[in-house]
Amino acid sequence: MEQAALCPRFEKGMELLSKRWVGLVVFQLLSGPQRFCAMESALSGISGRILSERLKELEQAGIVNREVYPETPVRIEYSLTEKGRALQPIFNEIGNWSDKWVEL
């Protein structure tokens, strides 16, 4: 059987989503807007520097929105854009697949 050529868009999408921590950051934000410290504690093992890098990359990709509230002290929340929320069915299917095939 001949292997089909990879679509450049699929390749670029996989490159972004398969980067370490990206999938877990997106999954964490599927439950709603969160502050940096809440995400950092929920994602045990990620460093603040890496979380910050991943959030910036996802923001540049149009997947994450960064909202700054001019309060004292300043409050910053991260949420998924429409593009980011469109990943929900994919993550649901990964969850279904994991339940069936991944052993702990």
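What you see is a predicted model, and the numbers here were worked out from it, not measured in a lab. (Residues numbered from 1 in each chain as written. Predicted model: local features only at pLDDT ≥ 70, side-chain atom pairs only at ≥ 80, totals over all residues. Heavy atoms only, no water.)

Regarding the pattern of salt bridges
Here is step 1: Inspection of every chain in the model, using the stated rule, returns 6 salt bridges.
Here is step 2: The salt bridge involving K19 is made with E57; its shortest N-O contact spans 3.2 Å. Here E57 lies in helix α4 (residues 48-60) and K19 lies in the loop between α1 (8-17) and α2 (22-29), a separation of 38 residues in the sequence.
Here is step 3: Close ionic contact of E71 with R75 constitutes a salt bridge, the shortest N to O distance being 3.0 Å.
Here is step 4: Overall, E71 belongs to the partly exposed group, its relative accessible area being 37%.
Here is step 5: Members of the salt-bridge network, linked through shared partners, are K19, R49, E53, R54 and E57. (Salt bridge = Lys/Arg side-chain N within 4 Å of Asp/Glu carboxyl O. Helix = DSSP H or I, 4+ residues; strand = E, 2+ residues; numbered from the N terminus. Buried < 20%, exposed > 50% of the residue type's maximum accessible area, 1.4 Å probe, protein only.)

What to know about a nonpolar patch on the surface
Here is step 1: Taken together, the side chains of W97, W101, V102 and L104 present a nonpolar region at the surface, about 590 Å² in accessible area.
Here is step 2: Checked against the element boundaries, V102 lands in the segment after α6 (88-101).
Here is step 3: Residue classification places V102 among the partly exposed positions, given a relative accessible area of 42%. (Patch = residues over 30% accessible without salt bridge, like charges linked within 9 Å, V, L, I, M, F, W, Y side chains within 5 Å. Areas by Shrake-Rupley, 256 points an atom, 1.4 Å probe, with all protein chains shown as cover.)

So, the sheet that holds strand β2 (residues 64-69)
Here is step 1: Overall, antiparallel pairing links the 3 strands, which are arranged β1-β3-β2 in an open sheet. Looking at strand neighbours, the two that pair on one side only are β1 (34-35) and β2, the edges of this open sheet.
Here is step 2: Relative to strand β3 (residues 75-80), β1 runs antiparallel, the two being bridged by 2 bridges. Looking at β3, one finds that R35 is bridged to E77.
Here is step 3: Each of β1, β2 and β3 touches α2; the most contacted strand, β3, lies at about 100° to it. (Pairing = 2+ DSSP bridges. Contact = heavy atoms within 4.5 Å. Axes fitted to C-alpha atoms, helices over the stretch in contact; angles between N-to-C directions.)

Section: the confidence of the model for the protein chain
A low pLDDT means the predicted coordinates there should not be read in detail.
Here is step 1: Counting all residues, the mean pLDDT for the protein chain is 94, and 97% of those residues have values of 70 or more.
Here is step 2: Here α1 is the element of the protein chain with the lowest mean pLDDT, 92, and helix α5 (residues 82-85) is the one with the highest, 98. (pLDDT = per-residue confidence, 0-100.)

Structural notes on the side chain of R54
Here is step 1: By the secondary structure assignment, R54 is in helix α4.
Here is step 2: Sequence-distant contacts of R54, defined by excluding residues within four places in its chain, comprise K19, R20, W21 and V22.

Considerations on the nonpolar core
Here is step 1: Core analysis: the biggest nonpolar cluster contains 18 residues, and V26, L29, L55 and V64 have the highest contact counts within it.
Here is step 2: Looking at this core, the elements that each hand over two or more residues are α2, α4 and β3.
Here is step 3: If sequence neighbours within four positions are ignored, V26 has contacts with L58, I63, L80, L87 and F91. (Core = buried A, V, L, I, M, F, W, Y, C linked by side-chain atoms within 4.5 Å.)

Description of the packing of aromatic side chains
Here is step 1: For the coordinates displayed, the defined rule picks out 1 aromatic pair.
Here is step 2: Geometry around Y69 places R75 over its ring, the cationic atom sitting 3.9 Å from the centre. (Phe/Tyr/Trp six-rings, centres within 6.5 Å; stacked < 30°, edge-to-face > 60°. Lys NZ or Arg CZ within 6 Å of the ring centre and 35° of its normal.)

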